[in-house]
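Results of the structural survey
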Amino acid sequence: MIGLISATAAGATARDRLAAAWPDRTRVYEGPVGDAVRAAFAECEQLVCFLATGAVVRLIAPLLGDKRTDPGVVCVDEGGRFAVSLVGGHGGGANELAVEVGELLAAQPVVTTATDAVGVPGLDTLGFPVEGDVAGVSRALLDGEPVSLDAELAWPLPPLRVSDGGGAYVIRVTDRAVEPGEREVVLRPPSLVVGVGASRGAPVNEVLGLVYDALREAGLSVGNVAELATVDAKADEPGIIQAAQRLGVPLVTYSAGELAAVEVPNPSDAPLAAVGTPSVAEAAALVGGGELLVPKRKSERVDGQPAMATCAVVRRVARGRLAVVGLGPGARDLLTPRAKAELRRAAVLVGLDQYVDQIRDLLRPGTLVLESGLGAEEERARTAVAEARKGQAVALIGSGDAGVYAMASPALAEASDDIDVVGVPGVTAALAASAILGAPLGHDHVSISLSDLHTPWEVIERRVQAAAEADIVVTFYNPRSRGRDWQLPKALAILAEHREPTTPVGVVRNASRPDESSRLTTLAALDPAWVDMMTVVTVGNTATRDIAGRMVTPRGYRWQASQTSQEGAK
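These notes cover the structure that comes with them. Quick caveat: nothing in here was measured; it's all calculated off a predicted structure.

**Structural notes on the packing of helix α17 (residues 457–469) against helix α18 (residues 487–496)**
Running from N to C, α17 and α18 point in directions that differ by 30 degrees, and their axes come no closer than 9 Å. It follows from the interaxial angle that α17 and α18 lie roughly parallel. The two elements α17 and α18 meet at a crossing, and its hand is right-handed. Within the contact between the two elements, α17 uses Trp457, Glu461, Val464, Gln465 and Ala468 and α18 uses Gln487, Lys490, Ala491, Ile494 and Leu495.

Here it is, written out as structure tokens:
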């Protein structure tokens, strides 16, 4: 929960805007400011104070304890110009909150955390436990000193500006139970899955003790445990539920059928009779594949009674990560926050050279950029997938939405289930052009590419014919180039067989970019010479109208038809 505190009418206005935008995330604290800050500090994970930074410093100074547990605090000035991350930038999430608040209130986020200021990822912001000399290694990264990466586990990490070896400082990625050395940081990604089984009523201490013993004896760290896994018949077993809670990991369950299909080294008749699978602990840990580090073992009872718990430990296969990112039509303010986050998360960026140039300044220092020219889409897709298979965090970029005439299709055709793939949507050229023209896509619409480089013209022509006969608004992508100048006139002629010459047509070039241009014309008056590959052409249907210079396709609600009839009767 985010606590909101203000002292003036102007502050209250901005506070209320935040509260209205985030009703489920925020709580407004009224009353004397000092009391409000103290209450919010004790009750909330984060605070946004619409007060001077000096005032907030004095109010929270006596309350500060540990940067790992203190709430993140953001200050917004009286004029609403700045959102300042004051304390808890990483641990409390204040840096990210300052950016969010800034976007909502049109304020400039102010983040002074050293790593964030220069684009180096904070070692304590990677989403998993970190141990050792975080401050010292971070300072070395900032100062450009040699820092070695000792990756015992191949895990997709953002660019860390590490050297090839021989550095005085070390970042170690491991799940072994090792103590960080001097000038060393240990990163503990969620690499371990612990499968558990238990008899009805098994005490939580017996389950948890077994897990700790298994990890300790195998030389593994509890900090790397990603989840507890079991059969769904045990989903309500208190001892297992509480063990997961104490470990701070999710409890994942599988059906007996799913577990029975997993080949295990130590099947047993007992679980088969009890829950319908010859293995619970081993099978639950191995469902997603991986290396069985600790075969099934039973708990030990000091009272001589039969063991009530079993466990097994698996090191999951490290999976690379491929984010297919849509950059939108070109304007920076139409690039989504999610796309920006993925660009900064990527250690490897793959893309068309001109698209890379658009977002190069958003990349973290040390990002490996693999760029190529026009016409190499399949090659870029193969490159991105290959880099992800090495265990890297990869971003593959495309304009508009990556799934619309862009890179998602060839990338997903190349990728198999050995990597994680994330799609990041973007604003398409058709949507950007529509917003410029008015509302031409107000009813059913279709996008058709007129490029016959990958699709035979006969297929394209059938699709244009179908759209014409169905009276659907059509947006043409790739409408005309120097070597393809006859397809657009042919497509327009097909539409003209079913639509009036006065049908509105919108022509938008370089939508949202500095040299954007647009015009609203008609099907009869459109000159193909106006059109090139940077243009989208939107042809209305029989209901589309030019209203005050805007292209509008009515939604066709009954009340509109009724209103039209009434006006006609008058």
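**Observations regarding the pairing of strand β17 (residues 348–352)**
In the case of a regular strand, side chains alternate between the two sheet surfaces. In terms of residue burial, β17 counts as a mostly covered element, since five of its five residues are buried. Each parallel crossover has a hand, and for β17 linked through helix α13 (residues 353–359) to strand β18 (residues 368–372) it is right-handed. For β17 and strand β19 (residues 393–398), the ladder comprises three bridges, and the chain directions are parallel. Each residue of the ladder has a partner; that of Val348, found in β19, is Val394.

**Describing the sheet that holds strand β25 (residues 517–522)**
Taken together, five strands build an open sheet; the order of strands is β22-β23-β26-β24-β25 and the sheet is mixed. In this open sheet, the two strands that pair with only one neighbour each are β22 (445–449) and β25. Each neighbouring strand pair of the sheet contributes to a mean axis angle of 20 degrees, computed without reference to strand direction. Two elements, strand β24 (residues 504–509) and β25, share six bridges in a ladder whose sense is antiparallel. Considered in β25, the bridge of Arg509 is made with Ser517. Helix α16 (residues 429–437) rests against β22, β23 (473–477), β24, β25 and β26 (535–539) of the sheet, and its axis sits at about 115 degrees to β24. The strands touched by α18 within the sheet are β23 and β26, with β23 carrying the most contacts at an inclination of about 175 degrees.

**What about unusual backbone geometry?**
Most peptide bonds take the trans configuration, and most residues that are not glycine carry a negative phi. Residue Tyr405 is not a glycine yet carries a positive backbone phi of 50 degrees. You can see Tyr405 is positioned in the loop between β19 and α15 (408–414). The phi dihedral of Ser512 falls on the positive side, at around 75 degrees, and the residue is not glycine.

**Describing the pattern of salt bridges**
Following the criterion strictly, the structure yields 27 salt bridges and no others. Close ionic contact of Glu100 with Arg25 constitutes a salt bridge, the shortest N to O distance being 3.1 Å. Separated by 75 residues along the polypeptide, Glu100 in helix α4 (residues 94–105) and Arg25 in the loop between α1 (9–21) and β2 (26–28) bring together distant segments of the chain. Residue Arg25 is classed as partly exposed on the basis of its relative accessible area, which comes to 31%.

**Thoughts on the sheet that holds strand β15 (residues 309–315)**
A sheet is described by the order of its strands in space; here five strands give the open sequence β13-β12-β11-β15-β14, paired in mixed fashion. Here the strands that pair on one side only, and so sit at the sheet edges, are β13 (251–254) and β14 (291–298). Across the sheet, the mean angle separating the axes of adjacent strands is 20 degrees when strand polarity is ignored. Of the strands in this sheet, β11 (192–198), β12 (225–231) and β13 are in contact with helix α8 (residues 238–247), which crosses β12 at around 175 degrees.

Reading the values: the criteria
Residues numbered from 1 in each chain as written. Predicted model: local features only at pLDDT ≥ 70, side-chain atom pairs only at ≥ 80, totals over all residues. Heavy atoms only, no water. Axes fitted to C-alpha atoms, helices over the stretch in contact; angles between N-to-C directions. Helix = DSSP H or I, 4+ residues; strand = E, 2+ residues; numbered from the N terminus. Parallel < 35°, antiparallel > 145°, perpendicular 65-115°, else oblique. Left-handed = near helix turned anticlockwise from the far one by under 90°. Contact = heavy atoms within 4.5 Å. Buried < 20%, exposed > 50% of the residue type's maximum accessible area, 1.4 Å probe, protein only. Right-handed = clockwise from strand over helix to strand, strands pointing away. Pairing = 2+ DSSP bridges. Salt bridge = Lys/Arg side-chain N within 4 Å of Asp/Glu carboxyl O.

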